[in-house]
Amino acid sequence: MSERPVESLSESEAAEELKRLAAEIAEHDRRYHTEDAPTISDAEYDALARRNLAIEERFPDLVREDSPSRRVGAPPAEGFAKVRHAVPMLSLAKAYTDQDVADFIERGRRFFDRDRDLDIAFTAEPKIDGLSASLRYENGVLVQGATRGDGAVGEDITANLKTIADIPKTLKGSGWPEVIEIRGEVYMTYAEFEALKARSAAIGGLDYVNPRNTAAGSLRQKDPAVTASRNLKFFAYAWGYTTADPAPTQYDSVQRFAEWGFKVSPLMVRAKSIDELIAHYHRIEEQRSSLGYDIDGVVYKIDQLELQRRWGFVTGEPRWAVAHKFPAEQAMTTVQKIDIQVGRTGTLAPVARLAPVTVGGVVVENVTLHNEDYIKGFDSNGQPIRDGIDVRIGDTVVIQRAGDVIPQIVSVVIDMRPADAVPYEFPHTCPVCGSPATREINEKTGKEDSRRRCTGELICAAQAVEGLRHFVSRGALDIEGLGAENIDLFFNAGLVKTAADIFTLKDRRPAVTKALAERREEQARLREAASGKTRKNVRSVEERNYEGLDKLFAAIDARREPELDRFIFALGIRHIGETTAAVLARQFSTIEELIRVGKETAKAEDPHDVFPSINGIGDTVINALRDFFGNERNDAVLDALLAQVHPKPYVVEISAGSEVSGKTVVFTGTLEKMTRSEAKAMAERLGAKVAGSVSAKTDLVVAGPGAGSKLKTATDLGIEVIDEDTWLQRIGRGG
Ligand code: IVH
């Protein structure tokens, strides 16, 4: 991923980039919070969020309504009722070093300076790596349990939480407040996690990534019986709304929770000095690997509730608490072999298969080796590359997982290298189809691309199947019920070879039924073998009524007239993402026109003689179009596809008579009735040109609150300035 430095972005590029980041981060949020299946590491996620912030700092005008910087955590998933927390559920500031901890204590001392002889105490306890939950007790009875959600609004998962043995349904003892929200962490032990994984593997079921994500998934079950089967645990460590303090201090409050029937961490202590806190941190760290559940640091809190209240909060975090994180966990293992995976665009991706090793509670068996140069440790000019590592089969390696989902190799233990280990020879042919695999020269830099790619394109089964998966994916044709799994099945059964075959599947109903039935049989067989039970009432394949199949065929038929931009994106042409596909759709209006221009461009000596100059489309895309439309093999595929599918022409409803038609408009400041991109799209539909900066060519400036330098330039140049409402009236949308 080559990223442009933020300082070099123009305003319109920044707007594009913010849009892309908002979508990308939202997708990762969804994978993390809603699916509990993240695909990037925390560090990579943070890098995206930081880039978003850096661009917003440079272009405060461009901050989007849906900007990730305006959200905390993920919105609640659909399906559960929402619960507004009476007192928000906060997160914790982090400390990584002893110095960070000293700074935290120093800030406290300074804050309470006027009270010099104040006796500040702290608590120290493990930071459990699970999910927080809030449990509302009224008169000692559990009435509602909720997830954290975005901190303000969570999900009502009362029924699921009630299945957890560590959570009392009614409080024991006496003296509890009339109403109190007890907060703590739901987690899964390693033993339970491994047992679940083994049960699942036996039936060929889901693979589970780590205990935390699995606990999250277990809590979000529609059926509480499933949650119950997962044997989740709970530690109470805090509280939200309450009609009375449980006790005057944090420590004593948590001890009261234990009296009321909760499990509380046995590793919680009260301490007076930084030395005591750090000593306890190391004690907990020593016990970490034998606790049987994931912890990722130690939480320090000011003990006296009175002082907690005085010191208060910053955005989303208490000032009076900090989480002292553990360094990333590392482990040693050996590289057993190196496999090459082939992606949609033919990229050969090397993966090291490791002797399984547990790091941070998760068994790691694979780790990416990125590309050819990374494995050698230097590039094709012999220059050492950053983070590159000379990894060989048989090597002992140190791997690390920093609360991250994606493990990485930190180093090779050269002293332990077998005498006969040889440098890895990266294949120059595709392991799937045997076509030559080459490295392209980047036209801009003149350097070789670090990736080697298979040149087999559609004759390569790996590329073909990845291409089909892409074709039906969400931003593309988005065919319901036809996910990656079914594509693989149909491809392997020889039922779908190219995208056109998807639309004729219906004609091969018996074969489709057979493929699905065989898969079911296989799964049932595995399940049986795992449980030792035999099935009763086995129905024959013919007897089965695949109601699902009619639905699938209907979903396929429903996509025979896709929007042009989706269709272009679905073709999977290199470098053509959703945004570029939309630009092309707008420019060419019909697929026929895009094909015509694409083919002519492919034939032309200089593509610029044929291909129009379009804002946002550069040489990389033009060359990709040339390659695609110049390749005869793609002709047949496209023809067959277009015999089945008729992309809708892209209609731009330019109202010629519009008052703003032909004018150059600039939006600045905050828009209150629509987002920037809506405003832009609307203006363009009316035939206006939307510019990013004000110049003598500007006809009209629409300024909202917070407008700055652009407004000033406009006034200086004597350009007409109107507000959002006037704009809406002018384009006939005013109320
Ligand atoms: S106290 C007012 N104590 O860490 C402070 N949180 O990064 C509220 N967590 O959302 C949190 N162990 O899920 C606290 N012993 C502990 C914790 C703990 C784990 C989690 C909790 C919270 C997150 C904040």
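Quick notes on the rules
Residues numbered from 1 in each chain as written. Predicted model: local features only at pLDDT ≥ 70, side-chain atom pairs only at ≥ 80, totals over all residues. Heavy atoms only, no water. Helix = DSSP H or I, 4+ residues; strand = E, 2+ residues; numbered from the N terminus. Rg over C-alpha atoms; globule rule 2.2 N^0.38 Å. Contact = heavy atoms within 4.5 Å. Areas by Shrake-Rupley, 256 points an atom, 1.4 Å probe, with all protein chains shown as cover. Lys, Arg positive; Asp, Glu negative; His and termini not counted. Charge placed at Lys NZ, Arg CZ, Asp CG, Glu CD. Near = heavy atom within 4 Å. Polar contact = N/O pair within 3.5 Å; in protein donor to acceptor, adjacent residues only side chain to side chain. Disulfide = S-S within 2.5 Å. Buried < 20%, exposed > 50% of the residue type's maximum accessible area, 1.4 Å probe, protein only. Pairing = 2+ DSSP bridges. Arc of directions from axis to C-beta. Axes fitted to C-alpha atoms, helices over the stretch in contact; angles between N-to-C directions. Parallel < 35°, antiparallel > 145°, perpendicular 65-115°, else oblique. Nonpolar A, V, L, I, M, F, W, Y, C, P; charged D, E, K, R; others polar. Core = buried A, V, L, I, M, F, W, Y, C linked by side-chain atoms within 4.5 Å. pLDDT = per-residue confidence, 0-100.

Trainee: Tell me what's going on with the overall build of the protein chain, and back it up with residues and numbers.
Mentor: Of the regular secondary structure elements, the protein chain holds 24 helices and 24 strands. Whereas a compact globule of 735 residues would reach a radius of gyration of roughly 27 Å, the protein chain reaches 30 Å, a difference of no more than 12%. If one aligns the C-alpha atoms of the protein chain with their principal axes, the spans along those axes are about 80 × 75 × 60 Å. Taking all contacts inside the protein chain whose residues are at least 6 apart in sequence as the whole, residues at least 24 apart take part in 68%. In the form shown here, the protein chain has an accessible surface area of approximately 36,900 Å², with 50% of it arising from carbon and sulfur atoms. Taking the average place of the 97 positive charges on the side chains of the protein chain and the average place of its 114 negative ones, the gap between the two points comes to 3 Å.

Trainee: I'd like to hear about the site of the ligand, residue by residue, with values.
Mentor: In the neighbourhood of the ligand, 14 residues make up the surrounding shell, with Glu125, Ile128, Glu185, Tyr237 and Lys301 lying closest. Within the contact set of the ligand, a nitrogen atom lies 3.1 Å away from a side-chain nitrogen or oxygen of Glu125. Protein chains bury 88% of the 520 Å² of accessible surface belonging to the ligand in isolation. At four residues, the largest contribution of residues to the shell around the ligand is made by strand S3 (residues 122-128).

Trainee: Now, about the state of the cysteines: what can you tell me, with residues and values included?
Mentor: A full pass over the atoms with the stated rule returns zero disulfides. For the unlinked cysteine Cys433, the closest cysteine sulfur is that of Cys454, found at 3.6 Å. Owing to a relative accessible area of 24%, Cys433 belongs among the partly exposed residues under this scheme. Note on Cys454: relative accessible area 3%, which makes it buried.

Trainee: I'd love a proper account of the pairing of strand S5 (residues 141-147), names of residues and values included.
Mentor: As paired strands, strand S4 (residues 131-138) and S5 are joined by six bridges and run antiparallel to one another. Across the sheet, Tyr137 pairs through a bridge with Leu142, a residue of S5. Hairpin connection from S4 to S5: two residues lie between these consecutive antiparallel strands, with Asn139 at a positive phi of about 50°.

Trainee: Outline helix H8 (residues 250-259), listing residues and values.
Mentor: All buried positions along H8 are accounted for by Gln250, Ser253, Val254 and Phe257. Buried residues of H8, seen end-on, are gathered within an arc of 95° and therefore sit on one face of the element. On the buried face of H8, the contacting elements are S3, strand S7 (179-187), strand S8 (233-242), strand S10 (295-302) and helix H10 (305-311). Looking at the residues trailing H8, positive phi occurs at Gly261, about 110°.

Trainee: Any chance you could break down the packing of helix H20 (residues 619-630) against helix H21 (residues 632-644) for me, citing the residues and the numbers?
Mentor: Their axes nearest at 6 Å, the elements H20 and H21 cross at an angle of 75°. Here H21 runs roughly perpendicular to H20, going by the angle between their axes. Mapping the contact onto sequence places Phe628, Phe629 and Gly630 in H20 and Glu632, Asn634, Asp635 and Leu638 in H21. Along the lines of polarity and charge, the residues of the contact of H20 with H21 split into three nonpolar, two polar and two charged.

Trainee: Pulling in residues and values, what's your account of the nonpolar core?
Mentor: Of all hydrophobic cores here, the largest spans 57 residues; its most connected members are Phe490 and Ile502. Top contributing element to this core by residue count: H20, with six residues. With residues up to four places along the chain from it excluded, the contact list for Phe490 reads Leu482, Leu495, Val496, Leu505, Val512, Leu516 and Leu552. Among the nonpolar cores identified, the runner-up in size contains 32 residues, and Leu131, Ala133, Ile157 and Leu305 belong to it.

Trainee: Tell me about the confidence of the model for the protein chain, and name the residues and values.
Mentor: When the pLDDT values of the protein chain are averaged, the result is 87; 91% of them are 70 or greater. Below pLDDT 50 for its whole length, residues 72-77 participates in 14 contacts with residues either more than four positions away or in separate chains. Contacts for the low-pLDDT stretch residues 536-545, under 50 throughout, to residues beyond four places or in other chains number five contacts.

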